[in-house]
Amino acid sequence: MFALQKYLAENAQDIGQLIQKYAEPSSSAHEADDAPQSLNTPAGGGANHAETRAETWPQTLQRLENEARHFTIRVPLIGKFSSGKSTLLNTVLGERTLAASVDPQTALPAEITWAEGPAHFAACLPDGRERPLAAQQVRDNALDFLDGSAWVRIQHPAAALKRWPHLCLVDLPGLDSSIERHSRAIDQYASRSLAYCAVVSAEEGTLHESMLKALKELRLTAPHLPVIAVITKCDKRSEADVQAVAATVTQAVTQALGRAPQATVCVRRGQAQPFLEALDALEQQAEAIFNHAIGQPLDELLAQAGKRLDTLANRDDIDSQQIQADIERLKKERHAIEQNIAQRTQALESELPAIESNILQTVRNALQNCADSHISAVLGGRDISSDIQHTVRAALQQGVQQDFAPELQSYLHHLEAAMPADLDIRVSLPDVDTGSVKVDTGFMSALIAGITALLAKLGPIGSLLSTLIGGLLGGLFSGTSDADRAERREARRDAARSQLHSIYEQVISKVGESLAAYLQEQVHAAKERIAQSARQQLDQQTATLRQLEQRLNLGQEQFAALQAQTRDDLARLRQWQAEVRRIARLPQQSAA
């Protein structure tokens, strides 16, 4: 158990009781009347406003307790179909648990964690329901009754898994199975994983094209995520050959990622020790991830509670007149924040057409750079629809990262910087450097996730290509001489280039139809996040001032007793906060 995990388990009850004692008071009718319809409060009354409010302090603490208790970090294994992923994991488990020879079109992700007692198997459905499975069903891949959105959860008592209580190994379907499976491997796991394992068979000797595409996408979506290169089936090659393959794979991974893999390990059938040692290193890094994922929001929760207690302790001995003046100041701050958000949002929205144009040009350039290989593939009778989808997807990610993300991040930073000093707005955060691991806070991942929905609106590209392929191949070999055939071949290359250019433009046009809405949606979501955060804190401050005013009206003796108790509680809370910061290695700043 991590140090912070243990500290929270030991102190959660006491922290919870104090948090509940000073939880946000219910919004009074007076507050609702005073608060203007601003900061994106939906028109139509307080009910809608309540629906958009963030979770309460007790709810936040309960969520953090649950996340701390069940904390796991995923480590997906990606690779070509039959690369040896499932066989490697069976070696780790000490028995044949996963099907090692399945149809790549029917395989489902399998998430594997350690647990005491007999192994437990379940099918997890997108709606949150679970369906028990028999071990034989998983072993035989008898899962045809599940659709592609489901996944398998395996809790297993293997001794090796016990070494990594915070890791969840994920056996993903082969990257070459389909564009949807490939997308799922990146979209659903990149933002919540500690590392990826790129599994390559020694028989292949190098990275398959599908693996190169996946690594290049990881470079965009999770640029700091470590990758471990795992070379399987080494028992089928000589030691010299294995070392040569390892050097080739390491170089290819480095080129695709723009950085070297964290480790390159070679495993043989039944001998996975190098892989186990690589996972040992990841388990050690998991604590830094935990400290950020749990320690940071816990510190923010305690800081917010500390502000309330500090106000209620009334160390400055303010009176009712000063309270009213402070409430009026908060109203003015709310109005100023609303005006700034509106102005900054309008400025960013005015830039969206140019951003859209730049992203579409990135897509166009990427497709044109692939034209020669696409032409050769078409003339060879091969389907290029999947390759075009991959190219468009990668180009969209690149365009969003280089043309849109910096503008959106700048927008958020400017809004945060303009907030009053007593508001703690943390909507946009930089990646957190924990030493050997950098934590993705989800900013880029959230943007990339929307691209999948955008691509879904393109529809099948194959229909655009079927006529092209048939027409080009129809008379390719009808010539009577080699010279005639060569002339026809060249003519068909020219025709293919022209028609591919037309198809590229149709694809770009379809992308453009959805891209503008996607960019607008991202701006709106960012605006809502920062407006809601500001609104919530302003409401909390106003409610706290009104609570202080009520205390002042109780009489001097009763107020003095409440004041003394509040100051004692504030001292306890700040002690907890200081300890959380020390354990999680957060900045030791004074708790205001």
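Residues numbered from 1 in each chain as written. Predicted model: local features only at pLDDT ≥ 70, side-chain atom pairs only at ≥ 80, totals over all residues. Heavy atoms only, no water.

A few points about the overall build of the protein
When you go through the protein residue by residue, the secondary structure sums to 18 helices and eleven strands. Relative to its 592 residues, the protein shows a buried fraction of 48%. In the form shown here, the protein has an accessible surface area of approximately 27,100 Å², with 49% of it arising from carbon and sulfur atoms. (Helix = DSSP H or I, 4+ residues; strand = E, 2+ residues; numbered from the N terminus. Buried < 20%, exposed > 50% of the residue type's maximum accessible area, 1.4 Å probe, protein only. Areas by Shrake-Rupley, 256 points an atom, 1.4 Å probe, with all protein chains shown as cover.)

Describing the environment of L454
Inspection of the secondary structure assignment puts L454 in helix α15 (residues 443-456). Looking at L454, the relative accessible area reads 4%, which means it is buried. Discounting residues that sit within four places of it in the chain, L454 has contacts with L396, V511, S514, L515 and Y518. (Contact = heavy atoms within 4.5 Å.)

Let's talk about the packing of helix α1 (residues 3-21) against helix α18 (residues 556-584)
The N-to-C vectors of α1 and α18 enclose an angle of 160°; their axes lie 11 Å apart at closest approach. Judged by the angle between their axes, α1 and α18 are roughly antiparallel. In this structure, α1 meets α18 at a crossing whose hand is left-handed. Touching A3, L4, Y7, N11, D14, I15, L18 and K21 of α1 are Q565, D569, R572, L573, W576, E579, V580, I583 and A584, all from α18. Looking at side-chain class alone, the contact of α1 with α18 contains ten nonpolar, two polar and five charged residues. (Axes fitted to C-alpha atoms, helices over the stretch in contact; angles between N-to-C directions. Parallel < 35°, antiparallel > 145°, perpendicular 65-115°, else oblique. Left-handed = near helix turned anticlockwise from the far one by under 90°. Nonpolar A, V, L, I, M, F, W, Y, C, P; charged D, E, K, R; others polar.)

As for helix α10 (residues 239-257)
With 19 residues, α10 ought to run about 27 Å at 1.5 Å a step, and its terminal C-alpha atoms sit 27 Å apart, in line with that. At its buried positions, α10 is contacted by β7 (196-201), α9 (209-221), β8 (227-232) and β9 (263-266). Phi for G258, located one or two positions after α10, is positive at around 80°. (Expected span 1.5 Å × (residues − 1).)

As for the packing of aromatic side chains
Any aromatic ring pair is given by two values, namely how distant the centres are and how the planes are angled relative to each other. Counting across every chain of the model gives three aromatic pairs. Summarising the aromatic geometry, the rings of F2 and F290 are spaced 5.4 Å apart at their centres and angled 50° between planes, so their arrangement reads as tilted. Of this pair, F2 sits in the segment before α1 while F290 sits in helix α11 (residues 273-313); the two residues are 288 residues apart in sequence, bridging distant segments of the chain. Of the two residues examined, F2 and F290, each falls in the buried class. Ring centres of F71 and F290 lie 4.9 Å apart, and the angle between their planes is 85°; on these two criteria the pair is classed as edge-to-face. (Phe/Tyr/Trp six-rings, centres within 6.5 Å; stacked < 30°, edge-to-face > 60°.)

Side note on the pairing of strand β3 (residues 120-124)
For β3, the buried fraction is high: four of the five residues fall into the buried class. Here β3 pairs with strand β5 (residues 151-156) via five bridges, running antiparallel. In the sheet register, A123 faces β5, and the bridge partner there is V152. By the bridge criterion, three bridges tie β3 to strand β4 (residues 130-132) in an arrangement that is antiparallel. Paired with A123 across the bridge in β4 is R131. From the end of β3 to the start of β4, which pair antiparallel, there are five residues, and G128 there has a positive phi angle of about 95°. (Pairing = 2+ DSSP bridges.)

Description of the state of the cysteines
Under the definition given, this model contains zero disulfides. You can see C124 has no disulfide; the closest cysteine sulfur is in C168, sitting 9.8 Å from it. The buried category is assigned to C124, whose relative accessible area is 3%. (Disulfide = S-S within 2.5 Å.)

With respect to helix α13 (residues 371-379)
Every α-helical turn comprises 3.6 residues, leaving residues that sit three or four positions apart pointing alike. Those residues of α13 that fall on the buried side of the exposure criterion are A371, H374, I375, A377, V378 and L379. Taken from the residues just after α13, G381 is the one with a positive phi, measuring 80°.

A word on the packing of α1 against helix α4 (residues 57-69)
The N-to-C vectors of α1 and α4 enclose an angle of 165°; their axes lie 10 Å apart at closest approach. The orientation of α1 relative to α4 falls into the category roughly antiparallel. α1 and α4 meet at a crossing whose hand is left-handed. Between α1, through Q5, L8, A12, I15, G16, I19 and Q20, and α4, the contact on the second element is made entirely by W57, P58, L61, L64, E65, A68 and R69. Looking at the contact of α1 with α4 residue by residue, the class counts come to nine nonpolar, three polar and two charged.

Notes on the pairing of strand β1 (residues 73-79)
Most of β1 is tucked away: seven of the seven residues are buried. Of the two faces of β1, the one carrying I73, V75, L77 and G79 and the one carrying R74, P76 and I78 are both buried. As defined by bridge partners, β1 adjoins strand β6 (residues 167-171) across five bridges and the pair is classed as parallel. Counted as the bridge partner of P76 is V170 from β6. Bridge count for β1 against β7 is three bridges, and the pairing is parallel. Bridging across to β7, L77 finds its partner in C197.

A closer look at the pattern of salt bridges
This model, assessed by the stated rule, comprises 25 salt bridges. Between R237 and D241 there is a salt bridge, with the nearest N and O atoms lying 3.8 Å from each other. Look at D241 and you get partly exposed, because its relative accessible area is 34%. Ionic pairing is found between E328 and K331, a salt bridge with its closest N-O pair at 3.2 Å. Here E328 and its partner K331 are both found in helix α12 (residues 320-369), three residues apart, which amounts to about one turn of the helix. By relative accessible area, which is 39% here, E328 ends up partly exposed. The class of K331 is partly exposed, set by a relative accessible area of 27%. One network of salt bridges, with partners in common, ties together D326, R329, E333 and D422. (Salt bridge = Lys/Arg side-chain N within 4 Å of Asp/Glu carboxyl O.)

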